[in-house]
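# Tertiary structure, described
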Amino acid sequence: MQLDDLYRQVIMDHYQHPRNQGSIEGGVGDETLSVDLKNPTCGDEITLQMKIEEGLVTDVRFKGTGCSISMASASMMTEAIKGKPVEEALALAEEFRKMMKGEEFDADRMGDIEALAGVCRFPARIKCATLAWHALERGADKKN
Ligand code: FES
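Residues numbered from 1 in each chain as written. Predicted model: local features only at pLDDT ≥ 70, side-chain atom pairs only at ≥ 80, totals over all residues. Heavy atoms only, no water.

### Quick look at the packing of aromatic side chains
The relation between two aromatic rings is expressed through the spacing of the ring centres and the mutual angle of the planes. As enumerated under the stated definition, the model contains one aromatic pair in all. A ring pair is formed by Phe96 and Trp133, whose centres lie 4.5 Å apart and whose planes are at 10°; its orientation type is stacked. One end of the pair, Phe96, is in helix 3 (residues 86-100); the other, Trp133, is in helix 5 (residues 123-143), and 37 residues separate them in sequence. Judged by its relative accessible area of 1%, Phe96 is buried. Its relative accessible area of 2% is what places Trp133 among the buried residues. (Phe/Tyr/Trp six-rings, centres within 6.5 Å; stacked < 30°, edge-to-face > 60°. Helix = DSSP H or I, 4+ residues; strand = E, 2+ residues; numbered from the N terminus. Buried < 20%, exposed > 50% of the residue type's maximum accessible area, 1.4 Å probe, protein only.)

### Concerning the sheet that holds strand 1 (residues 32-38)
Taken in spatial order, the three strands make up an open sheet running 1-2-3, and their pairing is antiparallel. At either margin of the open sheet sits one strand with a lone partner, and together these are strand 1 and strand 3 (56-65). On average, each strand axis in the sheet is inclined to that of its neighbour by 15°, with strand direction left out of account. Summarising the sheet, strand 2 (residues 45-53) and strand 3 pair through nine bridges and their orientation is antiparallel. Paired with Lys51 across the bridge in strand 3 is Asp59. (Pairing = 2+ DSSP bridges. Axes fitted to C-alpha atoms, helices over the stretch in contact; angles between N-to-C directions.)

### Some thoughts on the pattern of salt bridges
For the structure shown, the criterion picks out eight salt bridges. The partner of Glu95 in a salt bridge is Lys98, with the nearest N and O atoms 3.1 Å apart. With Glu95 and Lys98 both in helix 3, this residue pair falls three residues apart, about one helical turn. Residue Lys98 is classed as partly exposed on the basis of its relative accessible area of 26%. A salt bridge links Arg97 to Glu137; its shortest N-O distance comes to 2.6 Å. Placement of the pair is Arg97 in helix 3 and Glu137 in helix 5, with a sequence separation of 40 residues. Its relative accessible area of 30% is what places Arg97 among the partly exposed residues. Salt bridges here are not isolated pairs; linked through shared partners, they connect Asp13, Arg19 and Glu79. (Salt bridge = Lys/Arg side-chain N within 4 Å of Asp/Glu carboxyl O.)

What follows is the structure, given as structure tokens:
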């Protein structure tokens, strides 16, 4: 199997079976924040909720409408940051940014997310792939 086919399968799996979809029980409050973001180029949207306790992302959920790339990216991102310190989640967002620019990135840290590396060759899709990651950064900003 070609690597591109494998990556396509990983992306479709996350799109068809999104991890951490929905809302955090108990709603938005002291520990749970919510971020709504829109991809300006197509109007697709994501709502990301994060529960942050003592610097840890103890829960994270997303809802939204968007293409397979945007929804798969959101699913992968939530899977990767759940249970991690906020700082680590932001460091991962930085690695993702490098990956989208076609720069060298730390593949060991990326896991499934590396399946999106090919998106950097399609500038129009980069906004799709980064939507959830911008929401993560916006959420972390809100908490500070
Ligand atoms: Fe709208 Fe990708 S086309 S998020």
